[in-house]
Amino acid sequence: MHNTIFTTPVVNTLLRGFSVAFLKLTGWKIEGAADAGQTRSVLIAAPHTSNWDLPYTLMVAFTLRLRVYWLGKESLFNAPFGPVMRWLGGVAVDRSKANNLVAQAAQALVDADGPIQLIVPPEGTRSKTRYWKTGFYYIAVTAKVPIVMAYMDYHRKLSGLGPLFNPTGDIEKDMLAVKAFYAQFKGKNADQFEAE
């Protein structure tokens, strides 16, 4: 994986200090911590209902000392913002082409040097959607890594890392359990999120 803001020593330290201070001053509470024994994982980013999710997610990642990469639609990486988005940990996804994103993302997790968390929004979009995409699940299964149920609740100003979830291979049963966990959280635009 490419170098990011999280692997840039001085910048990382400064932005962690800023993130901790900003979140505290604005009333956010951050819960959980990365499992010290788990160096690679897929993080679910939910609910994903606003453009504000990215900056808040990055600040939470700094606060929790995570080394994250995140999947984003390809248009976010168009000039002139492409290099900045990649430096922020972004990995472009072309949703118009049939490609082997699951296999590529899983292999990147396996090959990564050092700890890495790959953030994947299960809705695949900020817009209201009834069905969750299952890419995050298959990336975790293929890479043989757990899923971390990360969350951001704007209503309660609460964010953090929930429990580790180890996929069993029974996707229907597993998705019911994952969605049941997320039913308690409200995104910035709460009416756009469904965890049924």
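For the structure itself, consult the block above.
Rules used throughout
Residues numbered from 1 in each chain as written. Predicted model: local features only at pLDDT ≥ 70, side-chain atom pairs only at ≥ 80, totals over all residues. Heavy atoms only, no water. Axes fitted to C-alpha atoms, helices over the stretch in contact; angles between N-to-C directions. Helix = DSSP H or I, 4+ residues; strand = E, 2+ residues; numbered from the N terminus. Parallel < 35°, antiparallel > 145°, perpendicular 65-115°, else oblique. Contact = heavy atoms within 4.5 Å. Nonpolar A, V, L, I, M, F, W, Y, C, P; charged D, E, K, R; others polar. Phe/Tyr/Trp six-rings, centres within 6.5 Å; stacked < 30°, edge-to-face > 60°. Buried < 20%, exposed > 50% of the residue type's maximum accessible area, 1.4 Å probe, protein only. Core = buried A, V, L, I, M, F, W, Y, C linked by side-chain atoms within 4.5 Å. Left-handed = near helix turned anticlockwise from the far one by under 90°.

> Looking at this model, I keep getting lost on the packing of helix H1 (residues 9–25) against helix H2 (residues 53–63). Mind explaining?
Put simply, H1 and H2 touch, their axes get as near as 8 Å, and they point 110 degrees apart. In this view, H1 runs roughly perpendicular relative to H2, as classed from their interaxial angle. Contact with H1, carried on its side by Asn 12, Leu 15, Arg 16, Phe 18, Ser 19, Val 20, Phe 22 and Leu 23, involves Tyr 56, Met 59, Val 60, Phe 62 and Thr 63 of H2 and no other residues of that element. Classifying every residue of the contact of H1 with H2 by side-chain character gives nine nonpolar, three polar and one charged.

> Got a minute to help me understand the packing of aromatic side chains in this structure?
Each pair of aromatic rings is reported with the distance of its centres and the angle of its planes. With the rule as written, the count across this model stands at 15 aromatic pairs. Taking 5.8 Å as the distance between ring centres and 25 degrees as the angle between the ring planes, the aromatic pair formed by Phe 18 and Phe 22 counts as stacked. Of this pair, Phe 18 and Phe 22 both sit in helix H1, four residues apart, roughly one helical turn. Residue classification places Phe 18 among the partly exposed positions, given a relative accessible area of 47%. Between the aromatic rings of Trp 28 and Tyr 154, the centroid separation amounts to 5.4 Å while the plane-to-plane angle is 85 degrees, which identifies the pairing as edge-to-face. You can see Trp 28 sitting in the loop between H1 and strand E1 (29–31) and its partner Tyr 154 sitting in the loop between strand E6 (147–153) and strand E7 (158–165), a full 126 residues away along the chain.

> How should I be thinking about the nonpolar core in this particular structure?
Side chains that are nonpolar tend, in soluble globular proteins, to be buried together. With 31 residues, the main nonpolar core has Val 42, Ile 44, Leu 109, Leu 118, Phe 136, Ile 139 and Tyr 182 as its most contacted residues. Of all the secondary-structure elements, those providing two or more residues to this core are strand E2 (40–46), strand E3 (68–73), helix H4 (101–111), strand E5 (116–120), helix H5 (135–143), E6, E7 and helix H6 (171–182).

> Where do I start with the packing of H4 against H5 in this structure?
Two quantities define a packed helix pair, namely the angle between the helix axes and the distance between the axes. Where H4 contacts H5, the two axes come as close as 8 Å, and the packing angle between them is 50 degrees. As judged from the angle between their axes, H4 and H5 are oblique. In this structure, H4 meets H5 at a crossing whose hand is right-handed. Where H4 abuts H5, its residues Val 102, Ala 105, Ala 106, Leu 109 and Val 110 lie against Gly 135, Tyr 138, Ile 139, Thr 142 and Ala 143. Classifying every residue of the contact of H4 with H5 by side-chain character gives eight nonpolar, two polar and no charged.

Fair warning: the whole summary comes from geometry, so function is off the table for now.
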